[in-house]
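Observations on the three-dimensional arrangement
The lines below spell out each chain.
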Amino acid sequence: MTFTYFDQPARWIGVSDQETRCDLCHQQKPCFDATGFFGEDELAFICPDCLSNGRLYERDSYTCQGDVAELKRQLKSLHPALSKAELDDLADQKTLELEKTTPHLVTWQDWEWPCADGEYARFIGYGSRPFYTKLVGNSDARMLFEKSIYYTLAEESDAEELWEDVPRKLIVDYADSSKYSTLFYVFKSLHSDQIITLWDSD
Ligand SMILES: [Zn+2]
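What counts and how
- Residues numbered from 1 in each chain as written.
- Predicted model: local features only at pLDDT ≥ 70, side-chain atom pairs only at ≥ 80, totals over all residues.
- Helix = DSSP H or I, 4+ residues; strand = E, 2+ residues; numbered from the N terminus.
- Rg over C-alpha atoms; globule rule 2.2 N^0.38 Å.
- Buried ≥ 20, exposed ≤ 12 C-beta atoms within 10 Å, placed from the backbone.
- Contact = placed C-beta atoms within 7 Å.
- Pairing = 2+ DSSP bridges.
- Core = buried A, V, L, I, M, F, W, Y, C linked by C-beta atoms within 7 Å.
- Axes fitted to C-alpha atoms, helices over the stretch in contact; angles between N-to-C directions.
- Parallel < 35°, antiparallel > 145°, perpendicular 65-115°, else oblique.
- Nonpolar A, V, L, I, M, F, W, Y, C, P; charged D, E, K, R; others polar.
- Arc of directions from axis to C-beta.

Once that is clear, we can look at the overall build of the protein chain. What the protein chain contains, in helices and strands, is nine helices and seven strands. A compact globule built from 202 residues should have a C-alpha radius of gyration of about 17 Å, and the protein chain, at 17 Å, falls within 12% of that. Judged by the C-alpha coordinates and their principal axes, the protein chain covers about 50 × 45 × 25 Å. Counting every position in the protein chain, which comprises 202 residues, the buried fraction comes to 33%. Expressed as a percentage of contacts within the protein chain between residues at least 6 apart in sequence, the contacts between residues at least 24 apart total 61%.

Right, dumping it as structure tokens:
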């Protein structure tokens, strides 16, 4: 099960047991819960194969919303020679791919999927102090955390205060994450070591 923008979805959001039936291929197999998807078509379950094979392109259904405005800004600075139409095309194509083929991250609030280096970033897990420490090696985990807060939240977030809410224990899976009423979502650039954090609470 490999997804460009979502590392280890079976661990971070879980799949159902064998008894469910995929709404697209109608096979009975472990599926993702699709009730949180956006769009006009209501789905209950989708299997990982159908999702990664792009079967959602057939439906008015998408699993998340990309931060397309920021993606366009990044693409523009990376490819100054491209025309506005070309940049819009490129951004729209990447956004559609993200929104149609990425497992649905369960969050408290709706927010836009972050991007870095001209691509949508990959969700790699729920933030905790040990997780940031693992990412940054021997340097300062708190500094990494403060630097990683996505621009959309930077103004309203007091990073120092927020660090107090970052779990002291590693969050190992979805069941573990549901014990917290404030969650930190950690993303990594597809092209660099840049880490992005979004957070929300119930
Ligand atoms: Zn299927």
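Looking now at the pairing of strand β6 (residues 182-188). Most of β6 is tucked away, with five of its seven residues classed as buried. Across four bridges, strand β5 (residues 122-126) lies against β6 in antiparallel orientation. Bridge pairing in β6 places Tyr-126 opposite Tyr-185. Connecting β6 to the next strand, strand β7 (residues 195-201), in antiparallel fashion are six residues.

Take the nonpolar core next. Within the largest apolar cluster, 46 residues are counted, with the highest numbers of intra-cluster contacts made by Ile-46 and Tyr-185. No other element matches β6, which puts five residues into this core. Look past the residues within four positions of Tyr-185 in its chain and what remains in contact with it is Leu-105, Thr-107, Phe-123, Tyr-126, Gly-127, Thr-197, Leu-198 and Trp-199.

The phi dihedral of Gln-8 falls on the positive side, at around 50 degrees, and the residue is not glycine. Summarising the element assignment, Gln-8 is placed in the segment before α1 (9-12). The exposure class assigned to Gln-8 is partly exposed, which follows from the 15 C-beta atoms found within 10 Å. Phi at His-26 takes a positive value of approximately 60 degrees, unusual for a residue other than glycine. Following the sequence through the fold, His-26 ends up in the loop between α1 and β1 (32-33).

Viewed as axis vectors pointing N to C, helix α5 (residues 129-136) and helix α6 (residues 141-148) meet at an angle of 95 degrees, and their least axial separation amounts to 8 Å. When the axis of α5 is compared with that of α6, the two are roughly perpendicular. Mapping the contact onto sequence places Arg-129, Tyr-132, Thr-133, Leu-135 and Val-136 in α5 and Ala-141, Leu-144 and Phe-145 in α6. Of the residues assigned to the contact of α5 with α6, the class counts are six nonpolar, one polar and one charged.

As a further point, take the environment of Gln-28. Residue position: Gln-28 is located in the loop between α1 and β1. Residue Gln-28 is classed as partly exposed on the basis of its C-beta count, with 13 C-beta atoms lying within 10 Å. Excluding residues within four positions of it along the chain, Gln-28 makes contact with Gln-18, Glu-19 and Arg-21.

Turning our attention to the sheet that holds β5. On the basis of which strands lie adjacent, the open sheet formed by three strands has the order β5-β6-β7 and antiparallel pairing. In this open sheet, the two strands that pair with only one neighbour each are β5 and β7. When the angles between neighbouring strand axes are averaged without regard to direction, this sheet yields 30 degrees.

Moving on: helix α3 (residues 68-78). Turn by turn, an α-helix covers 3.6 residues, leaving residues three or four places apart pointing in a common direction. Among the residues of α3, Val-68, Leu-71, Lys-72 and Leu-75 are the ones counted as buried. An end-on view of α3 places all buried positions within 100 degrees of arc, on one side of the element. Turned more than 90 degrees from where α3 packs its buried face, Ala-69 and Ser-77 sit exposed. Packed against the buried residues of α3 are α4 (84-101) and β3 (115-116).

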